[in-house]
Amino acid sequence: MDKKSDRNVRFEDLKRRRSLSVDLHLHAPKLVLPRLSESSKQLSDAENDNQPRLSKPAIKFKKAKHYLEKVDDQMNHDHLKKLAKIFEDTKSEGAEGLTMGEFRVAMKKTIGEEIDDKELDLMFMKVDNDCDGTVDWNEYLSYMLLEYQEKQNMVSRDHDVPFTRPMEEKRSNHITAIRRIAFLQALSTRQSSLHAADIEEASRYLTLSEEGVLNVWNLDWALQKTINLRRGTRSVWFTDMVCLANCNTFAISGSDYVINFYSFSNNFVQKKFQIKSLRFCAVTMDYSFHQSDYQKSVLLWGDTGGNIFIIRFHDNPSVALFSNSNFPDGVCAIDKLMKTQSELFHVFKLRKAHDGWIQQARYFSSKKGQECVLTCCSSSENSLLFTDITELTDTKKPVTRQSYFRVCKSILCVTYDTEWSLIITGGRDCDVRIWNPFIVHRSLAILKGHQAAVTQILVRSSERQAISISKDSNIRIWELRYYTCKQNISCRQVRLGRRRITSALFNESRGELVLGSNRLGIFRSQGRTNAPVFDRFLSSHEKSVSCVLYNKLFHLIVTGSDDSMVCIWDVVTGQKTMQFCAEESVEITAMAFDPTWRRLATGMRNGSTLIWNFNNGACLRRIESEADLEISSVIFCDHKVVTAGWNRSPMIHVDSKAHAPSAPLFHKHEDDIMTLDHHNNDNLLASAAYDGDIFVWSLEKGIVSVAFNMYKSLLPVHVGTPTKTYVTSTGQLAFNLSDFWLPTTLPWLGEDQSWQNISLGAKVDFDISRAATEAQNSFQPNMKISYRAVYKVLFLQTRSTCENSASLLASCAKGWITAWSVHPRGGLLGYFVGTQNSEMVTAMATDSRDHIFITGDGNGRIKIWRLRGYCDSEDVTRHRNSQKSREETSGLPTDFVPTRRFLPKSTAPELQCSFRGHTRAITSIAFIDGFGLMASGCVDCSVRLWSLDGRYVGTFGQSRAWNVRTAHELSAHPPSMPEDIRRVASANTFLTVKGGYDERWKRVKDVSAFFTKPSRNLSRKSTAADRATLMQNRLAEMNVSKESEAARVSQRESVSVFLRDIPHGVRRGTTNANKLVEENFLKKLKYGITSSILGNFNYKPKKRHREFRLEKKISWHNDHVSVYNSLRFVNLDDVTQPPVPELIRERVSQHRSANTDGSNSWRSFKQERSSIPRSPSSIKHPGRLFSTAQMSRNFNPTARDSIRLPTIVR
């Protein structure tokens, strides 16, 4: 028995045993076996992955992970019975459970000796919820059950309804129904696909209505232009439109029996070619080109006679057809086109493919190279035609295979899924049918749910879904994997006026479903596509990301968001491994790992704190607060859980299983606490508040040892009761008055703020909010709290608390970053501005050795600083030796002034890298040790992975997984950039993210410098020899600069080739040219294009429309306006009296003979006959009667071939 069949047998055994008993041995397969198919699928996907191989340091890790998946895959019922027997034997011997070594031996005895010990140890730590060092059978089963349940919940949440947002309505200039919505994609002729995201800005949406109005929209659905294609007074109705993206052209068919081709450039439309003299009107068209070779394409259309025309282009249509020498006038009849012998194109015709009008014609090409044409009509006998045209290269063998599909009530729409080779149809029977192209007698599945005829069918290939639209504006999204309805959008949510939906388009790259009647409606999908080039925005969460953490034990990224979701991501691939909800409708505001890295604590906005086993989503403990106040920070330290927030005092909770009482620390802040951090070696706790106060607590004593505030003193303020002190307004803290020293030359102090004298014994308020009202007693007046808030504090774990070394970093208002020594004789040792435009530093992180310092601000900018050697003992000593000792005695008594005081260092550390990582505020940054990477979370719901040199790896949650284990592997990957950053990025961000300058732009820079460099030595009267000498000198300078540039260390090759990637220095040379272009453009707008000879030759008469006033009230009938107009008619023939039949004459004669009063009888007979109702406007024929209303209704004077016979009424 092979592996697959064995797995199926085990799964059937699982279902049988679920209904038999609740014994522990029979519960085991219920908990584990459902994960077999999922793990095997992941394993097969990993084996088929074509990504680059891992480097040598990561081979062991991947091998271990492979064995862990193999353990889950091999666990069957017999293995679980053996494992349960081992646990029972251990329990019978008096042991509480298996230790890590015993668990390792038990798993190897159960499955095999080839399992990696490291992965078994990681599995043991995941199962051991209470961290007591042992695992029993109940813990093992609970872990497996919860892990399976949370993964199932994660899958169900990830596969939620695709269209969650309401429809966006767009007004248009269309009066009648929109016949086609098309996307004219802008393409690049370059080979690199990385240029497509930049060129996509030139793409446009086109909408065409029946009356010939063409609207041009940009990607944001802003109307760019309106064009009326109906020329003259001839009444022409347009039927369909297709876009020829590879030649920047679109084609339109109409009731005038022609197909017109129009070129489109910069919103300018010009007629290019025409195919005329069609025998039947073309009603549906389709066009497709090869993505690998833009020169090869196929154009097809179906007409009212049931014929199908196919034009196969072997070169670009602009060359093969539009510029062909055989058609110099740009006009060609269809008969001549079919007879033309050319190597550039071939024309084929499938005669009478259907009995009636062709409703839809579609061309598809599979990955294997199979080409097929699908057409449908309203006939029941040949409803659907599948035509294989793969070998359709000449007229000798026009078709490889044709298959007819029959549906009782006909087919109105059809599409094809190229991934799974499925045909999807919709018809008047309100059903959606799934067909196999090779099985014609019956459909694979019938999807029911619509209550009206299905008129539109679309495919969402990235999610394996189908979208069906019925005549009553009901939209349904179907899951093609399981043939189930994923979402039902009722007609009440589709508000497009009184008209029905006549056209639809789903843009796969942008995730937009566009509907059209005479107005437009847009549904935007929340799903992501597998085309990273065109991805507009990738999100990791549904709401703003609040916390990002890295777990160095399991190598996972853990993120929390405002929708209370906790997501676990694999760093190596970027894929989600686990997701669970902390608490419904409660935001996550803080997160932290315990010292063992096996548990996760989440602080909630309602004041509660939850402790989790994040590997399976099991809640181990819940810590409630007395008041429902927000928790802004939570940490683990010294077997305690410390929380702080709006309660203004850190709360201490004992880290234990049982419920233990909580107690606040002795002192209290005057305002809300923003952040906490813990120094592991010295057991110090730092808390920062919204008023700028930073308290450093001694957890052993439970009191504040020193306090800092950059707006009050540069020295540490000590807590105590010496002879001369001041206390706060609330009387909680007492500080030494001699600790306050604040020179007026500090840059964050305003010019209008100066030092004030403080009298002895005065009660000075340490709270900033009260300093504004008590300015006469305060030493820093009139400062707003919002300009003093401290948002983050960060301890440098490798630095000890000495006097001359900064071990605490704090991010303050207006982008100030301060470095403090928490020693009693320390204070402020350095400060610098870490942001631009006074933005706040909202996130900070360091590596494990404190050599790198990473900051993120409110503008989405990430900066990486070299922290090694900044404000350490050597740096501070060097700075103080270069600075004269000062004694600032103004404002304080002489006996309170210390002997020596030094100003802090004002220079910033070395900035290694700076770039724009997000477009909005960054909330959290995590450094990934061992990988050389960092993860950033933002309020825009995204979590992105970066290297330390600014290279973009990807966004967690994207459909295509990456495979990078170290930052060195990124050099082999082409540089990329998020699309939202590309729109707003500066030249420095492009330079950083893309890895350096491109050689082509260096050439542009040299040429620009050559032509823009001022010639100071060249006078107006210089000779030609002088000009030649100067030209040679410039060329020599350029050659020298090129040689010096080549001698430098070569940077990574870049792919930035667009003008907005040019550094600012290159753009300076084009300033004058841009100014001249702007002046000419304004002159053109004002005066137009004029000539001294021809005058204003661009004059066009303006079209002025006068509003027509309707005297009568507009009435509606069947969703149409009732229009009263004179109809064409013909004169009626005179009505002749028919002769009296012989039978009637005989009866009359008999009646006369029978009655004596014959004259009266004959008169009564004539009266009875005249009483028969007779229409004066009718023509009597033998046995048939024709109504003049029917004749006038069916008479069409514009018919091309012949006048139709009037309708016969029996």
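Owing to the predicted nature of the structure, the values given are computational and were not obtained by experimental measurement.

Conventions adopted
- Residues numbered from 1 in each chain as written.
- Predicted model: local features only at pLDDT ≥ 70, side-chain atom pairs only at ≥ 80, totals over all residues.
- Heavy atoms only, no water.
- Helix = DSSP H or I, 4+ residues; strand = E, 2+ residues; numbered from the N terminus.
- Buried < 20%, exposed > 50% of the residue type's maximum accessible area, 1.4 Å probe, protein only.
- Areas by Shrake-Rupley, 256 points an atom, 1.4 Å probe, with all protein chains shown as cover.
- Salt bridge = Lys/Arg side-chain N within 4 Å of Asp/Glu carboxyl O.
- Axes fitted to C-alpha atoms, helices over the stretch in contact; angles between N-to-C directions.
- Left-handed = near helix turned anticlockwise from the far one by under 90°.
- Contact = heavy atoms within 4.5 Å.
- Nonpolar A, V, L, I, M, F, W, Y, C, P; charged D, E, K, R; others polar.
- Core = buried A, V, L, I, M, F, W, Y, C linked by side-chain atoms within 4.5 Å.
- Pairing = 2+ DSSP bridges.
- Phe/Tyr/Trp six-rings, centres within 6.5 Å; stacked < 30°, edge-to-face > 60°.
- Polar contact = N/O pair within 3.5 Å; in protein donor to acceptor, adjacent residues only side chain to side chain.

### Here's the deal with the overall build of the chain
When you go through the chain residue by residue, the secondary structure sums to 22 helices and 66 strands. Burial statistics for the chain: of 1210 residues in total, 50% are counted as buried. Accessible area for the chain stands at about 62400 Å²; split by element, carbon and sulfur atoms hold 50% of it.

### Here's the deal with the pattern of salt bridges
Scanning the model with the defined rule gives 30 salt bridges in all. For Arg622, the salt bridge goes to Glu624, with nearest N and O atoms at 2.2 Å. When salt bridges with common partners are traced through the structure, they connect Glu168, Arg510, Glu512 and Arg524 into a single cluster.

### Regarding the packing of helix α6 (residues 100–110) against helix α7 (residues 117–127)
Helix-helix packing is characterised by the crossing angle of the two axes and by the distance between the axes. Two elements in contact, α6 and α7, have axes whose closest approach is 10 Å; the angle formed by their N-to-C orientations is 115°. The handedness of the crossing between α6 and α7 comes out as right-handed. Of the residues in α7, those in contact with Met100, Phe103, Arg104, Met107 and Lys108 of α6 are Asp117, Leu120, Asp121, Phe124 and Met125. When its residues are assigned to classes, the contact of α6 with α7 shows 6 nonpolar, no polar and 4 charged.

### Remarks on the nonpolar core
Judged by nonpolar contacts, the single largest core of 45 residues is most densely connected at Phe250, Ile275, Trp301 and Leu337. Of the residues forming this core, the biggest block, 5 residues, is contributed by strand β6 (residues 238–244). Residues in contact with Trp301, not counting those within four places in the same chain, are Ile259, Ile275, Leu278, Ala282, Thr284, Met285, Asn307, Ile308, Phe309, Ile311 and Ile334. Formed by 29 residues, the second largest nonpolar core is a distinct cluster that contains Val696, Val706, Leu742 and Val822.

### Thoughts on the side chain of Arg433
By secondary structure assignment, the location of Arg433 is in strand β21 (residues 432–435). Dropping the residues within four chain positions of it, Arg433 is found in contact with Val407, Ile423, Ile424, Thr425, Ser443, Ala445 and Ile446.

### Looking at the environment of Phe580
If you trace the backbone, Phe580 turns up in strand β33 (residues 576–581). Its relative accessible area of 1% is what places Phe580 among the buried residues. On a C-alpha basis, the gap between Phe580 and Cys567 in space is 6.8 Å, while along the polypeptide they are 13 residues apart.

### Re unusual backbone geometry
Not every positive phi belongs to a glycine, and Trp597 is a case in point at roughly 65°. The residue Trp597 is located in the loop between β34 (588–593) and β35 (600–604) in this model. Located in the positive-phi region is Cys941, a residue other than glycine, with phi close to 75°. Tracing the backbone shows Cys941 in the loop between β58 (933–938) and β59 (943–947). Of the residues examined, Cys941 reaches a relative accessible area of 14% and is grouped as buried.

### Structural notes on the sheet that holds β34
Ordered by their spatial adjacency, 4 strands build an open sheet running β34-β35-β36-β37, and the pairing between neighbours is antiparallel. Strand pairing shows two members of the sheet lacking a second neighbour, β34 and β37 (618–623), which therefore form its edges. For this sheet, the mean angle separating the axes of adjacent strands, direction not counted, is 25°. Judged from the 4 bridges that link them, β35 and strand β36 (residues 609–613) form a sheet pairing that is antiparallel. Across the sheet, Thr602 pairs through a bridge with Leu610, a residue of β36.

### Some details on the sheet that holds β33
Two strands in a sheet stick together by hydrogen bonds in their backbones, pointing the same way (parallel) or opposite ways (antiparallel). Pairing is antiparallel in the open sheet, where 4 strands are placed in the order β30-β31-β32-β33. A single partner strand is all that each edge strand has here, and the edge strands are β30 (545–551) and β33. Taken pair by pair, the neighbouring strands of this sheet meet at an average axis angle of 15°, ignoring direction. In this structure, strand β32 (residues 565–570) lies alongside β33, joined through 5 bridges in antiparallel fashion. Within β33, the position partnered with Cys567 by the bridge is Gln579.

### Side note on the packing of helix α5 (residues 77–92) against α6
Interaxial distance between α5 and α6 falls to 9 Å at its minimum, and their mutual angle equals 145°. Every pair of crossing elements has a handedness; the one defined by α5 and α6 is right-handed. Across the interface between the two elements, His79, Lys82, Leu83, Ile86 and Phe87 from α5 touch Phe103, Ala106, Met107 and Thr110 from α6. Within the contact of α5 with α6, the residues separate by chemical class into 6 nonpolar, 2 polar and 1 charged.

### Notes on the pairing of strand β3 (residues 204–209)
In summary, the side chains of a regular strand alternate between the two faces of the sheet. Of all 6 residues making up β3, 6 are buried, and the element is well covered by its neighbours. A two-sided burial pattern is seen for β3, the buried positions comprising Arg204, Leu206 and Leu208 on one face and Tyr205, Thr207 and Ser209 on the other. Judged from the 6 bridges that link them, strand β2 (residues 178–184) and β3 form a sheet pairing that is antiparallel. Its bridge partner lying in β3, Phe183 is registered against Tyr205. With 4 bridges connecting them, β3 and strand β4 (residues 213–217) associate as antiparallel partners. Note that in β4 the partner of Leu208 across the bridge is Leu214. Connecting β3 to the next strand, β4, in antiparallel fashion are 3 residues, including Gly212 with a positive phi near 95°.

### Here's the deal with the packing of aromatic side chains
Under the criterion given, the structure shown has 33 aromatic pairs. Taking 6.0 Å as the distance between ring centres and 80° as the angle between the ring planes, the aromatic pair formed by Phe554 and Phe614 counts as edge-to-face. With Phe554 in the loop between β30 and β31 (556–561) and Phe614 in the loop between β36 and β37, this pair connects stretches of sequence that are 60 residues apart. In this structure, Phe554 and Phe614 share a single accessibility class: buried. What links up through ring pairs into an aromatic cluster is the set Phe183, Tyr205, Trp217 and Trp221.

### Notes on the side chain of Ser503
Summarising the element assignment, Ser503 is placed in strand β27 (residues 503–507). At 3.4 Å, the side chain of Ser503 forms a polar contact with the backbone oxygen of Ile178. Not counting the four nearest positions on each side in its chain, Ser503 is found in contact with Ile178, Arg179, Arg180, Ile181, Gln456, Val514, Leu515 and Gly516.

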